[in-house]
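Overview (structure and organization)
One letter stands for each residue in the lines below.
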Amino acid sequence: MSFVHAPMPVKPGRNADQLQKDAYKEAKKKSRISCVGAKLVGSLRQRLNELGSASRHLLVSFDGGYTNREVIQNLPAHTTFIGRVRKDAKIYDPPADQPDTGRRRLYGEPKLTPDQIRTSDQVSWQKVKAFAAGKEHEFKLKVVENVKWKPAGGHQLLKLIIISPLGYRLAKGANLLYRKPAFLITNDLKLPLQTLLQAYVWRWEIEVNFREQKTLMGCGQAQVRNQHSAEGVPKFVTAVYSLLLLAAEHCSRQNDPPVQMLQRAKWYPEKENSRWTTGDICNRFRAEYYSKAIGVSFDGFMNKRYRKQNHLKLLNPALSAMISIRT
């Protein structure tokens, strides 16, 4: 994971001259998040080349905020992008013929929008499997080859991928609900469809990573004003988060004795062979920390034998109340 400090420039005051205002507008353009993202992809490609992996293909997955002209037209060589586009994006066929005189045509006739293609019968659905959320799912896709999109440039052929929404239930026996469809474009026309789909699905883990760092670890909430501190705090929190996950992975692979997490709440679904959540790991860390501090083991805390007893028959109800409040 890479953190790049990308603050917006300070806006000049009302008494600033025209030269200062022009400089501010130019610095604001260079500080756009899409511009910073394009430079980051270029530096990653350069780093791979320096390490002797110039022939290795780099595959990057973007959301809608980075699927634009600034990023796509500045991608380095040997780089495949997968980006999300709007459902009403204007896509075109390649030009069928060229005029005898005048400027050469870059775009042909406009095609249906991605959402119109999803609901039409012109393109049939394909079934592709990909791993997500702890198991393998079967996705329904529509693929349109050799299309053009103006933000990507007129000289680049693209592939449009439409993902049908998956059905899910909030509880066993509840009504079947559906998520929103996804519309993707990529510049790689030869890469297998399953590889492209899996790369995009894996991006969801990155979104969960950011969410947990912001909500559970407090990344970005530190009240610092110094520039070096503002740059260093997210990196430090990310390092702590990584060490926490690595420690949990190391403990999960231990078989003698196996490390168990604390009992979850009744409303939390218990699934067989489900991985530990970050909340479970934090609760286990607190229990071990308190155990060392007060000299009491919490390995049997909140098991079924204790839950069948009332508070008068517990070995130490004060400890149970303390951990219940803290977790």
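Every chain is numbered independently, its residues counted from 1 as its sequence is written. Where local features are concerned, this predicted model is filtered to residues with pLDDT of at least 70; where side-chain atom pairs are given and counted, the filter is 80 or more; whole-chain, interface and lining totals use all residues. By convention in this description, side-chain values take in all heavy atoms of the structure and omit both hydrogens and water.

1. Section: the overall build of the protein
The following threshold applies: Secondary structure follows DSSP: runs of H or I at least 4 residues long count as helices, runs of E at least 2 residues long count as strands, and numbering of each begins at the N terminus. Only protein chains enter the accessibility calculation, which uses a 1.4 Å probe; a residue is then buried when its area is under 20% of its type maximum, exposed when over 50%, and partly exposed in between. Contact between two residues is taken to exist if any of their heavy atoms lie within 4.5 Å; hydrogens are not considered. A 1.4 Å probe and the Shrake-Rupley method give the accessible areas. Residues count as covered only by the protein chains that appear here.
Per the secondary structure count, the protein includes nine helices and nine strands. Burial statistics for the protein: of 327 residues in total, 30% are counted as buried. In the protein, the proportion of contacts linking residues at least 24 apart, taken out of those at least 6 apart, comes to 51%. With an accessible surface of roughly 23000 Å², the protein has 52% of that area assigned to carbon and sulfur atoms.

2. A few points about the packing of helix α6 (residues 227–252) against helix α7 (residues 278–294)
Spelled out, the test is: Note on method: axes are straight lines fitted to C-alpha atoms, helices fitted across the in-contact stretch only, with angles between N-to-C directions ranging 0 to 180 degrees. Angle categories: roughly parallel below 35 degrees, roughly antiparallel above 145, roughly perpendicular from 65 to 115, and oblique for all the rest. Each residue receives one of three labels: charged for Asp, Glu, Lys and Arg, nonpolar for Ala, Val, Leu, Ile, Met, Phe, Trp, Tyr, Cys and Pro, and polar for the others, Gly being one of them.
The N-to-C vectors of α6 and α7 enclose an angle of 85°; their axes lie 11 Å apart at closest approach. With respect to α7, the axis of α6 lies roughly perpendicular. For the pair α6 and α7, contact is made by Tyr-241, Leu-244, Leu-245 and Ala-248 and by Thr-278, Ile-281 and Cys-282, respectively. Taken together, the residues that form the contact of α6 with α7 break down as six nonpolar, one polar and no charged.

3. A few points about the pattern of salt bridges
The criterion, for reference: Each reported salt bridge corresponds to a side-chain nitrogen of Lys or Arg within 4 Å of a carboxyl oxygen of Asp or Glu.
In total, this model carries nine salt bridges according to the counting rule given. Salt-bridge contacts for Glu-70 lead to Arg-32; the nearest nitrogen and oxygen are separated by 3.2 Å. With a gap of 38 residues between them, Glu-70 in helix α3 (residues 69–72) and Arg-32 in the loop between α1 (18–30) and α2 (33–50) connect regions that are remote in the sequence. Relative accessible area serves as the criterion here: at 26%, Glu-70 is assigned to the partly exposed category. Classification of Arg-32 as partly exposed rests on a relative accessible area of 35%. A salt bridge links Arg-86 to Asp-88, with the shortest nitrogen-to-oxygen separation between them at 2.9 Å. For Arg-86, a relative accessible area of 59% translates into the label exposed. Because the salt bridges share partners, they merge into one network encompassing Asp-63, Arg-203 and Glu-207.

4. What about the pairing of strand β5 (residues 135–149)?
The condition is simple: Strand pairing requires that DSSP identify at least two bridges connecting the strands.
The sheet contact formed by strand β3 (residues 91–92) and β5 spans two bridges and is antiparallel. Each residue of the ladder has a partner; that of Ile-91, found in β5, is Trp-149. Adjacent in sequence and paired antiparallel, strand β4 (residues 126–132) and β5 are bridged by two residues, among which Ala-133 carries a positive phi angle near 55°. As paired strands, β5 and strand β6 (residues 158–163) are joined by five bridges and run antiparallel to one another. By the bridge assignment for β6, Val-143 is matched with Ile-161.

5. Some remarks on the layout of surface pockets
Heads up, the rule is: The definitions used throughout rest on a 1 Å grid laid over the protein atoms alone, on which a cavity is an enclosed set of points accommodating a 1.4 Å probe that cannot get out and a pocket is an open set flanked by protein within 12 Å on both sides along at least five of seven lines; lining residues are those having an atom within 4 Å of a point. Grid points are joined across faces, edges and corners, and a volume is the space filled by probe spheres set on the points.
Reported here for the second largest pocket is a volume of approximately 1400 Å³. Elements with a contribution of two residues or more to the lining of the second largest pocket: α2, β1 (58–61), α5 (193–215) and α6. Here the lining of the second largest pocket gets seven residues from one element, more than from any other, and that element is α5. Taken together, the residues of the lining of the second largest pocket break down into 21 nonpolar, six polar and six charged.

6. Brief notes about the packing of aromatic side chains
As a reminder, the rule being used: In summary, the pairing rule links any two rings of Phe, Tyr or Trp, Trp by its six-membered ring, whose centres are within 6.5 Å, and it sorts them by plane angle into stacked for under 30 degrees, edge-to-face for over 60 and tilted for everything else.
The full count for this structure, using the stated rule, is two aromatic pairs. Ring geometry for Tyr-92 against Tyr-107: centres 5.5 Å apart, planes inclined by 55°, an arrangement best described as tilted. A residue pair is termed long-range when its members are at least 10 positions apart, and Tyr-92 in strand β3 and Tyr-107 in the loop between β3 and α4 (114–119) qualify at 15 residues. The pair formed by Tyr-92 and Tyr-107 is uniform in burial state, with each residue classed as buried.

7. Considerations on the confidence of the model for the protein
The following threshold applies: By definition, pLDDT measures how confident the predictor is in each residue, and it falls between 0 and 100.
On average, residues of the protein score 81 in pLDDT, and 84% of them are at 70 or above. Counting interchain partners and residues more than four positions distant, the pLDDT-below-50 stretch residues 303–308 has six contacts.

8. Points about the side chain of Ser-53
Tracing the backbone through its elements, the reader meets Ser-53 in the loop between α2 and β1. Ignoring any residue separated from it by four or fewer positions in sequence, one finds Ser-53 in contact with Arg-45 and Leu-48.

9. As for the packing of α5 against α6
What counts, and what does not: Take the far helix as the reference: if the near one is turned anticlockwise from it by less than a right angle, the crossing is left-handed, and if turned clockwise, right-handed.
Interhelical geometry of α5 versus α6 gives an angle of 110° and a closest axis separation of 11 Å. Taken together, α5 and α6 sit at an angle that is classed as roughly perpendicular. Judged by the twist between their axes, the crossing of α5 over α6 is right-handed. Note on element contacts: α6 touches α5 through Val-237, Thr-238 and Tyr-241, opposite Asn-209, Glu-212 and Gln-213. Within the contact of α5 with α6, the residues separate by chemical class into two nonpolar, three polar and one charged.

10. As for the environment of Tyr-200
So the rule is basically this: A 3.5 Å cut-off defines polar contacts: any pair of N or O atoms within that distance qualifies, except that in protein one atom must be a possible hydrogen donor and the other a possible acceptor, and neighbouring residues in sequence count only when both atoms are side-chain atoms.
When you line up the elements, Tyr-200 lands in helix α5. For Tyr-200, the residues in contact, after removing those within four places along its chain, are Ser-61, Ile-82, Arg-84, Ile-163, Ala-182 and Leu-184. Within polar-contact distance, the side chain of Tyr-200 engages the side chain of Arg-84 at 2.9 Å.

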